[in-house]
Amino acid sequence: MSQVGKSDKTTSMRDAIAEFVTDGATVSLEGFTHLIPTAAGHEIIRQGRRDLTIARMTADVVTDQLIAGDCVSRLISSFVGNSTAGSLGELRRRVEAGALAFEEYSHYGMICRYLAGAQRLPFYPLRSYAGSDVPGINPGIRKVTSPYPAPDGGEEQIYVVPPLNPDVTIVQAQRADRSGNTQVWGLTGIQAEAVYAARKAIVVVEEVVADEVVRSDPNRTVIPAHAVDAVVECPRGAHPAFVQGYYDRDGEFYREWSRISGDPDRLRTWLDEWVLGTADHSEYVAKLGEQRWSDLAVGEAWSEPVNYGRRL
């Protein structure tokens with residue numbers, strides 16, 4: 001790992017995955033709607049990792065790709081699908097064939113698992129499973145007796161979920177400094193909690209910026225340096241998802257993915273060409289072509305500066 005300075009955690013995607021993602025590990029890939037760590041998923045496939053447990057609140061295209069790359073034996077998730085565009089062909093085939101273990105929660109159930117993991121709690125209580133059939137298919141969702149009386153003075157049973165403590169969490173963000181102070185705007189998702197819950201954390205960013213940039217807008221620092229083990233600069237690393245302020249969602253890709261993943265042979269050809277056939281994400285980006293990126297360009301919508309004040 002590059003160590004220009006004592007707190008310099010910048011490294012390449014190849015080196016970060018090689019160091020922190022091992023066979024059999026539990027790997028969290030988080031980012032909600034935007035900031036999805038697709039490039040990190042591709043590098044995991046290139047390096048041939050096996051028998052991974054993938055935790056992702058919204059298992060989508062990158063999850064389907066990792067499964068098709070024979071990297072995943074177990075999935076922990078809530079929503080599963082190719083957002084607004086259809087199904088995930090490989091995920092569905094393997095679940096139906098009994099070749100992929102699937103541990104299902106609600107969105108909030110996943111959030112509570114990360115919260116318990118981040119706070120090192122033995123479990124996290126939630127009410128939202130009342131009346132649901134999800135506990136019937138997931139023995140990890142249990143009931144406990146509250147140590148406090150219910151409003152009516154009686155005894156209360158409440159659902160709980162276990163903590164989730166990944167071996168490594170990988171998140172995407174807009175920018176970070178070299179020591180790992182990571183800034184996010186737009187939807188912030190569950191990235192911070194997933195990082196705190198993990199034993200190790202990799203942040204993948206559109207750009208590494210000077211310390212002064214981060215210090216000029218401290219409230220955008222969602223993940224602090226002390227929780228980060230590696231910083232990877234990887235422009236356009238979320239494609240086909242979007243990154244607020246950098247590029248738009250590639251709707252054409254999502255629509256095409258339903259057709260690709262629906263056909264196992266076509267899916268294998270795609271992986272061979274676009275992931276295994278590219279040395280790194282920069283080659284993937286170049287292969288997509290500048291016209292594609294021009295179509296995904298976004299306009300400016302600047303936030304107003306604020307005066308934090310300083311001592312005179």
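Note: the structure precedes this text.
These figures come from a predicted structure and were not determined experimentally.

Student: Explain the packing of aromatic side chains to me, using residue names and the numbers behind them.
Tutor: Geometry of an aromatic ring pair is reported as the spacing of the ring centres plus the angle between the planes. Enumeration over the complete set of coordinates arrives at 8 aromatic pairs. Here the aromatic rings of Trp257 and Trp270 are separated by 5.0 Å at their centres, their planes lie at 80°, and the arrangement is edge-to-face. Of this pair, Trp257 sits in helix α8 (residues 251-261) while Trp270 sits in helix α9 (residues 264-274), placing them 13 residues apart in sequence. Of the two residues examined, Trp257 and Trp270, each falls in the buried class. Look at Trp270 and Trp274: their rings are 6.4 Å apart centre to centre, the planes differ by 15°, and that puts the pair in the stacked class. Taken together, the residues span about one helical turn, with Trp270 and Trp274 both in helix α9 at a distance of 4 residues. The buried category is assigned to Trp270, whose relative accessible area is 7%. What makes Trp274 buried here is its relative accessible area of 16%.

Student: Outline the packing of helix α1 (residues 13-20) against helix α2 (residues 38-46), listing residues and values.
Tutor: α2 packs onto α1 with a crossing angle of 65° between their chain directions and a minimal axis gap of 10 Å. Two packed elements cross with a definite hand, and for α1 against α2 that hand is right-handed. Residues Met13, Arg14 and Ile17 of α1 pack against Ala39, Ala40, Glu43 and Ile44 of α2. Among the residues forming the contact of α1 with α2, the class breakdown is 5 nonpolar, no polar and 2 charged.

Student: How would you explain the side chain of Glu103 if you had to name every residue and give the values?
Tutor: Its place among the elements puts Glu103 in strand β7 (residues 101-104). Once residues within four sequence positions are removed from consideration, Glu103 is found in contact with Arg74, Leu75, Ile76, Ser77, Arg113 and Asn138.

Student: Report on the sheet that holds strand β10 (residues 157-161), specifying residues and quantitative values.
Tutor: What the 3 strands build is an open sheet, ordered β8-β10-β9; its pairing is antiparallel. Here the strands that pair on one side only, and so sit at the sheet edges, are β8 (124-126) and β9 (142-145). Direction aside, the axes of adjacent strands within the sheet are offset by 50° on average. Relative to β10, β8 runs antiparallel, the two sharing 3 bridges. If you follow Leu126 over to β10, its bridge partner there is Tyr159. Of the strands in this sheet, β8 and β10 touch helix α5 (residues 107-118), which is tilted by about 155° from β8.

Student: An account of the side chain of Asp217 is needed here, citing residue identities and associated values.
Tutor: One can find Asp217 in the loop between α7 (211-216) and β14 (221-223). Looking at Asp217, the relative accessible area reads 15%, which means it is buried. A polar side-chain atom of Asp217 sits 2.4 Å from a polar atom in the side chain of Arg220. Leaving out residues up to four positions away in the same chain, Asp217 has contacts with Arg175, Gln183 and Tyr308.

Student: Before we move on, can you summarise empty space enclosed by the protein with the specific residues and values?
Tutor: As enumerated under the stated definition, the model contains 1 cavity of 30 Å³ or more in all. Here the largest cavity is characterised by a volume of approximately 40 Å³. Lining the largest cavity we find Ile36, Thr38, Asp60, Val61, Val62, Pro240, Ala241 and Tyr254. Per-class residue counts for the lining of the largest cavity are 6 nonpolar, 1 polar and 1 charged.

Student: Which residues make up α1, and what values do they have?
Tutor: Helical geometry note: an α-helix holds 3.6 residues per turn, so side chains three or four residues apart project in the same direction. Regarding α1, the residues found buried are Met13, Ala16, Ile17 and Phe20. Seen along its axis, α1 keeps its buried residues to an arc of 95°; they face one direction. Looking at the buried residues of α1, the elements they touch are β1 (10-11), α2, β11 (168-176), β13 (200-208) and β15 (230-233).

Student: Any details on unusual backbone geometry? Residues and values, ideally.
Tutor: In this chain, His239 is followed by Pro240 through a cis amide linkage whose omega measures 15°. Looking at the element boundaries, Pro240 is found in the loop between β15 and α8. The backbone of Arg236 sits at a positive phi, close to 65°, despite the residue not being glycine. On the secondary structure map, Arg236 appears in the loop between β15 and α8.

Student: I'd love a proper account of the layout of surface pockets, names of residues and values included.
Tutor: A water-sized probe rolled over the atoms picks out the places where empty space is left. When its volume is computed, the largest pocket comes out at roughly 700 Å³. Forming the walls of the largest pocket are 24 residues, and the residues nearest its centre are Trp185, Arg220, Ala301, Trp302 and Ser303. Reported here for the second largest pocket is a volume of approximately 250 Å³. Lining the second largest pocket are 15 residues, with Glu233, Cys234, Asp280, His281 and Ser282 positioned closest to its centre. If you list the elements that add at least two residues to the lining of the second largest pocket, you get α1, α2, β15 and α10 (281-288). Looking at the lining of the second largest pocket residue by residue, the classes come out as 7 nonpolar, 3 polar and 5 charged.

Reading the values: the criteria
- Residues numbered from 1 in each chain as written.
- Predicted model: local features only at pLDDT ≥ 70, side-chain atom pairs only at ≥ 80, totals over all residues.
- Heavy atoms only, no water.
- Phe/Tyr/Trp six-rings, centres within 6.5 Å; stacked < 30°, edge-to-face > 60°.
- Helix = DSSP H or I, 4+ residues; strand = E, 2+ residues; numbered from the N terminus.
- Buried < 20%, exposed > 50% of the residue type's maximum accessible area, 1.4 Å probe, protein only.
- Axes fitted to C-alpha atoms, helices over the stretch in contact; angles between N-to-C directions.
- Left-handed = near helix turned anticlockwise from the far one by under 90°.
- Contact = heavy atoms within 4.5 Å.
- Nonpolar A, V, L, I, M, F, W, Y, C, P; charged D, E, K, R; others polar.
- Pairing = 2+ DSSP bridges.
- Polar contact = N/O pair within 3.5 Å; in protein donor to acceptor, adjacent residues only side chain to side chain.
- 1 Å grid on protein atoms, 1.4 Å probe; cavity = no way out; pocket = protein on both sides within 12 Å on 5 of 7 lines; lining within 4 Å.
- Points joined across faces, edges and corners; volume = space filled by probe spheres on them.
- Arc of directions from axis to C-beta.

Spatial relationships are all this shows, so hold off on functional conclusions.
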